[in-house]
Amino acid sequence: MFTTEEILQMFASRMKDSMVAGPAHVAMFLSFVQLYQHQHAHPIKIYRRTVMDACKIKGKTTFYKVLSELKAIGLIDYEASKNPMQGTLIYFRVKKDKI
């Protein structure tokens with residue numbers, strides 16, 4: 001498990017160098033962090049409609065574009081489900097430094 005601080009530090013360091021980062025990326029990632037805090041689990045389970053509503057994203061195309069760009073930036077990995085009742089699993093890609 002990661003702390004919220006570790007996740008947000010990783011987010012800040014990767015987003016500052018990203019050319020694709022925009023408000024939708026920030027909103028989606030922060031909604032994932034909020035779900036992580038609520039679910040106390042890793043990976044977290046998300047449902048597309050819930051995240052779209054939280055992020056004010058209107059189209060499925062935009063949702064999947066932002067999701068895939070968050071993966072490309074190196075913030076998350078995900079396992080999509082064809083079953084809408086199962087939801088999608090989101091994994092944060094946080095590297096723990098060894099001291």
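Here the structure is shown first, and the text comes after it.
As the structure is a prediction and not an experimental result, all values here were calculated from the model.

Caption draft 1: Layout of the pattern of salt bridges. Taken as a whole, this structure holds three salt bridges when the rule is applied. Linking Glu-69 and Lys-65 is a salt bridge whose minimum nitrogen-to-oxygen distance equals 3.4 Å. Taken together, the residues span about one helical turn, with Glu-69 and Lys-65 both in helix α4 (residues 60-73) at a distance of four residues.

Caption draft 2: Here's a closer look at the packing of helix α1 (residues 4-15) against helix α2 (residues 23-39). The contact between α1 and α2 brings their axes to 11 Å, and the two run at 165°. On the basis of the axis angle, α1 is roughly antiparallel to α2. Crossing of α1 over α2 shows right-handed handedness. Facing α1, whose interface residues are Thr-4, Ile-7, Leu-8, Met-10, Phe-11 and Met-15, α2 presents His-25, Val-26, Phe-29, Leu-30, Val-33, Tyr-36 and Gln-37. A class-by-class count of the residues in the contact of α1 with α2 yields ten nonpolar, three polar and no charged.

Caption draft 3: Focus on the sheet that holds strand β3 (residues 88-92). Pairing within the open sheet is antiparallel, and its three strands lie in the order β1-β3-β2. The open sheet has two free edges, formed respectively by β1 (44-46) and β2 (76-79), since each of these has just one partner strand. In this sheet, adjacent strand axes meet at a mean angle of 30° when their direction is disregarded. Direction of pairing for β2 relative to β3: antiparallel, over a ladder of four bridges.

Calculation rules
- Residues numbered from 1 in each chain as written.
- Predicted model: local features only at pLDDT ≥ 70, side-chain atom pairs only at ≥ 80, totals over all residues.
- Heavy atoms only, no water.
- Salt bridge = Lys/Arg side-chain N within 4 Å of Asp/Glu carboxyl O.
- Helix = DSSP H or I, 4+ residues; strand = E, 2+ residues; numbered from the N terminus.
- Axes fitted to C-alpha atoms, helices over the stretch in contact; angles between N-to-C directions.
- Parallel < 35°, antiparallel > 145°, perpendicular 65-115°, else oblique.
- Left-handed = near helix turned anticlockwise from the far one by under 90°.
- Contact = heavy atoms within 4.5 Å.
- Nonpolar A, V, L, I, M, F, W, Y, C, P; charged D, E, K, R; others polar.
- Pairing = 2+ DSSP bridges.

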